[in-house]
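# Topology and contacts: notes
Read off the chains here:
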Amino acid sequence: MTELTRQTCEPCRVGAPPASEAEISAWRPQIPDWEIVERDGIPRLERVFSFQNFVQALSFTNRVGALAEEQGHHPALLTEWGRVTVSWWTHKIRNLHVNDFVMAARTDVAFGEG
């Protein structure tokens, strides 16, 4: 369990400051399998999770969905046969926020529990 998994998402409003470079540098080691990618001009945390079949991938998608609902912070999920791509970013600020790192860490835990 990392420091990030013990945190909960904080309310985020339009205009909230995005994660700073120093914060990102401190949090990245806690989620080493995640990449920062830019899509449509927005930085996102993204990771592809592999499974043996579609049923396992769908089950994981549902676990991540439940976590998202619990925290009120929702990712983009692409579920395919044998894999799920999860992308976290904060829609209101069109950037990365601490909530994205918290949820990436919690997603890793959900994967380990599957």
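Residues numbered from 1 in each chain as written. Predicted model: local features only at pLDDT ≥ 70, side-chain atom pairs only at ≥ 80, totals over all residues. Heavy atoms only, no water.

## Describing the pairing of strand β4 (residues 83–88)
Across the six residues that make up β4, a large majority, five, are buried. Pairing between strand β3 (residues 76–80) and β4: five bridges, direction antiparallel. Bridge assignment links L77 to a residue of β4, and that residue is V86. Connecting β3 to the antiparallel partner β4 that follows it, the hairpin turn spans two residues, and G82 within it adopts a positive phi of roughly 80 degrees. (Buried < 20%, exposed > 50% of the residue type's maximum accessible area, 1.4 Å probe, protein only. Helix = DSSP H or I, 4+ residues; strand = E, 2+ residues; numbered from the N terminus. Pairing = 2+ DSSP bridges.)

## Description of the packing of aromatic side chains
All chains considered together, the criterion is met by seven aromatic pairs. Between the aromatic rings of F49 and F111, the centroid separation amounts to 5.0 Å while the plane-to-plane angle is 55 degrees, which identifies the pairing as tilted. On the criterion of sequence distance, the pair formed by F49 in strand β2 (residues 42–50) and F111 in helix α3 (residues 98–113) is long-range, its members being 62 residues apart. Judged by relative accessible area, F111 falls into the partly exposed class, the value being 29%. (Phe/Tyr/Trp six-rings, centres within 6.5 Å; stacked < 30°, edge-to-face > 60°.)

## What to know about the sheet that holds strand β1 (residues 35–39)
Overall, antiparallel pairing links the four strands, which are arranged β1-β2-β4-β3 in an open sheet. Either end of the sheet is taken by a strand with one partner, and the two such strands are β1 and β3. Each adjacent strand pair in this sheet contributes to an overall mean axis angle of 30 degrees, direction not counted. Pairing analysis gives six bridges linking β2 to β4, with the strands arranged antiparallel. The partner of S50 across the bridge, within β4, is R83. The strands touched by helix α2 (residues 54–71) are β2, β3 and β4; relative to β3, the strand with the most contacts, the crossing angle is about 165 degrees. (Axes fitted to C-alpha atoms, helices over the stretch in contact; angles between N-to-C directions. Contact = heavy atoms within 4.5 Å.)

## What to know about the layout of surface pockets
Of the pockets and cavities examined, the largest pocket occupies roughly 210 Å³. Lining the largest pocket are 13 residues, with C12, G72, H73, K92 and N99 positioned closest to its centre. Each residue belonging to the lining of the largest pocket can be placed in one class, and the counts come to three nonpolar, seven polar and three charged. (1 Å grid on protein atoms, 1.4 Å probe; cavity = no way out; pocket = protein on both sides within 12 Å on 5 of 7 lines; lining within 4 Å. Points joined across faces, edges and corners; volume = space filled by probe spheres on them. Nonpolar A, V, L, I, M, F, W, Y, C, P; charged D, E, K, R; others polar.)

So far we have only geometry, and geometry alone does not tell us how the molecule works.
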